[in-house]
Amino acid sequence: MAKVVVQFTCGECGATTGRWLGRCPGCGAFGTLVEELHGADGRPAAGAPRIPERLGDVEVAAAARLETGVPELDRVLGGGLVPASLVLVGGEPGVGKSTLLLAALGAVARGGRPALLVTGEESVAQVRLRADRLGGADDVSILAETELESVCATLERNRPVVCVIDSVQTLYASELGSAPGSVTQVREAASRLLRVAKQSGVATVLVGHVTKDGAVAGPRVLEHLVDCVLQFEGDRYHAHRILRAVKNRFGSTNEVGVFEMTTTGLVGVPDPSALFGTTTPGEVGAAVAVALEGTRPILLEIQALVSRTDLAMPRRVATGVDPKRLAMIVAVLARHAGVALGAADVFVNVAGGVRIDEPGADLPVALAIASAARGAPVEDGLAAFGEVGLTGRLRPAAQAERRLEECAKLGVAVALAPEGTKGRGTSPRVVSSETLRAALRAGLGEVRDTGKEVDGASADES
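Keep in mind that this is a model prediction, so the values were computed, not measured. (Residues numbered from 1 in each chain as written. Predicted model: local features only at pLDDT ≥ 70, side-chain atom pairs only at ≥ 80, totals over all residues. Heavy atoms only, no water.)

Our next topic: the overall build of the protein chain. Scanning the protein chain from N- to C-terminus turns up 11 helices and 23 strands. With respect to the principal axes defined by its C-alpha atoms, the protein chain has extents near 90 × 55 × 50 Å. Out of the 462 residues belonging to the protein chain, those deemed buried represent 47%. Once local pairs closer than 6 in sequence are excluded, the contacts in the protein chain between residues at least 24 apart make up 65%. In the form shown here, the protein chain has an accessible surface area of approximately 22300 Å², with 52% of it arising from carbon and sulfur atoms. Of the side-chain charges in the protein chain, 48 are positive and 54 negative, and the distance between the mean point of each set is 3 Å. (Helix = DSSP H or I, 4+ residues; strand = E, 2+ residues; numbered from the N terminus. Buried < 20%, exposed > 50% of the residue type's maximum accessible area, 1.4 Å probe, protein only. Contact = heavy atoms within 4.5 Å. Areas by Shrake-Rupley, 256 points an atom, 1.4 Å probe, with all protein chains shown as cover. Lys, Arg positive; Asp, Glu negative; His and termini not counted. Charge placed at Lys NZ, Arg CZ, Asp CG, Glu CD.)

One open sheet accounts for seven strands, arranged S15-S16-S14-S13-S17-S20-S21; its pairing is mixed. Whereas interior strands pair on both sides, the edge strands pair on one side only; in this sheet they are strand S15 (316–319) and strand S21 (429–433). The average angle at which neighbouring strand axes cross in this sheet is 30°, direction not considered. Bridge analysis of S15 against strand S16 (residues 344–350) gives four bridges, and the strand direction is parallel. From the neighbouring strand, Arg 316 faces S16, where its bridge partner is Val 346. Against the sheet, helix H9 (residues 362–374) makes contact with strand S13 (286–293), strand S14 (296–308), S16, strand S17 (382–384) and strand S20 (414–418), and its axis sits at roughly 30° relative to S14, the strand it touches most. Across the sheet, helix H10 (residues 400–409) lies against S13, S14, S17, S20 and S21, angled at about 85° from S14, the strand it touches most. (Pairing = 2+ DSSP bridges. Axes fitted to C-alpha atoms, helices over the stretch in contact; angles between N-to-C directions.)

Once that is clear, we can look at the pairing of strand S8 (residues 203–208). Among the six residues in S8, six count as buried, and that is most of the element. The two faces of S8 match: Ala 203, Val 205 and Val 207 on one face and Thr 204, Leu 206 and Gly 208 on the other face are all buried. Direction of pairing for strand S4 (residues 86–91) relative to S8: parallel, over a ladder of five bridges. Opposite Val 87, over in S8, you have Val 205 as the bridge partner. Note: strand S7 (residues 162–166) against S8, five bridges, orientation parallel. Counterpart to Val 164 in the pairing with S8 is Val 205. For the crossover that starts at S7, traverses helix H5 (residues 183–200) and ends in the parallel S8, the hand is right-handed. (Right-handed = clockwise from strand over helix to strand, strands pointing away.)

This part takes up the packing of H9 against helix H11 (residues 436–444). As a packed pair, H9 and H11 sit with axes 10 Å apart at the nearest point and diverge in direction by 65°. Helix-helix and strand crossings are classified by hand; for H9 and H11 the assignment is right-handed. Taking contact as the criterion, the partners of Leu 363, Ala 366, Leu 367, Ala 370, Ser 371 and Arg 374 in H9 are, on H11, Leu 436, Ala 439, Leu 440, Gly 443 and Leu 444. (Left-handed = near helix turned anticlockwise from the far one by under 90°.)

Along the chain, the position of Asp 138 falls in the loop between helix H3 (124–134) and strand S6 (141–144). Between the C-alpha atoms of Asp 138 and Val 210, which are 72 residues apart in sequence, the distance is 30 Å.

Overall, the coordinates contain zero disulfides when judged by the stated rule. Cys 152 supplies the cysteine sulfur nearest to Cys 163, a cysteine that is in no disulfide, at a spacing of 9.7 Å. (Disulfide = S-S within 2.5 Å.)

The terminal C-alpha atoms of H5, which comprises 18 residues, lie 26 Å apart, in line with the 26 Å expected from a rise of 1.5 Å per residue. Turning to H5, its buried residues number three or more, namely Val 183, Thr 184, Gln 185, Val 186, Ala 189, Ala 190, Arg 192, Leu 193, Leu 194, Val 196, Ala 197 and Ser 200. Looking one or two residues beyond H5, the residue adopting positive phi is Gly 201, at roughly 75°. (Expected span 1.5 Å × (residues − 1).)

The element S7 is largely enclosed, with a buried count of five among its five residues. Alternating positions in S7 separate into two faces, Val 162, Val 164 and Asp 166 on one and Cys 163 and Ile 165 on the other, with burial throughout.

What follows concerns the pattern of salt bridges. One pass over the full model with this rule turns up 16 salt bridges. Between Asp 227 and Lys 198 there is a salt bridge whose closest N-O contact spans 2.9 Å. Of this pair, Asp 227 sits in the loop between helix H6 (221–225) and strand S9 (228–234) while Lys 198 is found in helix H5, placing the two residues 29 residues apart along the sequence. Residue Lys 198 is classed as partly exposed on the basis of its relative accessible area, which comes to 41%. Here Arg 355 ties to Asp 357 by a salt bridge, and the two come within 3.1 Å at their closest N and O atoms. Linked by salt bridges that have partners in common, Glu 149, Glu 175, Glu 188 and Arg 192 make up one network. (Salt bridge = Lys/Arg side-chain N within 4 Å of Asp/Glu carboxyl O.)

Structure representation (structure tokens):
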């Protein structure tokens, strides 16, 4: 008979120890060790040796991807779900994870393929109310169960093509003494579901809770076990959502999907540039950025506000932009472009709730800040992209041709870019600038400056 072993597991990193400690030996956190009971004595089980095979002799079965019926979701997954894969979807409460996956299951079921929804947070009647609002999910099979053994047995017996488990933190194994959602329970649930998915060929999607920092709750091994990790971003008070791939063993992690929350559920936005990249002519403090999200270029409106402050430390507030990147751009503007911002608060916002992480958006952010500081609007019909260096020099941005093609598609007349950027015949007129000061002159027009000597000529002579 197996002996019950008492172990203490860290709720932050999942490290285990044989006795209670005030500080975790793995991550150094205090007061995070929780007592757990394990039904084994820790001795390794005897296993029969197996013969390894040559990698070149392994036969790969041609498994076609399963289209979910949601084009934006398929784009992020790399073309659809891979059979026998395990996908983890995380996001803040109320962002639309369950709504998106129920719509995908409905499309799969309408195509004649069995789809199963395992719900542990809602009753069957509550899911039916959501399905009636979305429509088209009548053929989806549903199971309200939180016991891990029952869920695995159901998957092995029914073998659906796609299964969604909402959520993995609600599952529990009865032989473990810890509560559902603990580190041990989440790790055990993910391990068993991974084994069932690979053996039964079921494409399984796990819905994961997130912490207050935005990371997926539970042990880090959860993200290592799964094949894909998708992050659903957005504010519940805004209509638009962004779906990103943090990890993808079967495709690129650079793709992004854009959704809009409507009364009938989430609707994909096939052309986000037309939605986010519109500005009002003559508006001060607004510039159009040509950002790159994966392989998709997107036109976004950058808004900036510069106001004098009485505080000893002026504020640098960024929404949708890295605050450290914003502080660097403000410093470069003051040092190399003659835009005095030392006694002013600077606020920068990306319209639509979109977040930009790539350095190619530095130039439009600087253009919007300079426009707000000088009270001069950016030239009508102008879009910008480029990386700003600490020396005030502009560095080329990646995939410039794709950015220019997106500008041409939306009728942008002028593209402000770093020196050496070249477009094709259908591209807009490209204005190349080597330094940030020259780019501001081109984007804001003939604006008189402080008269300081820059690049061998004063601003008054420009």
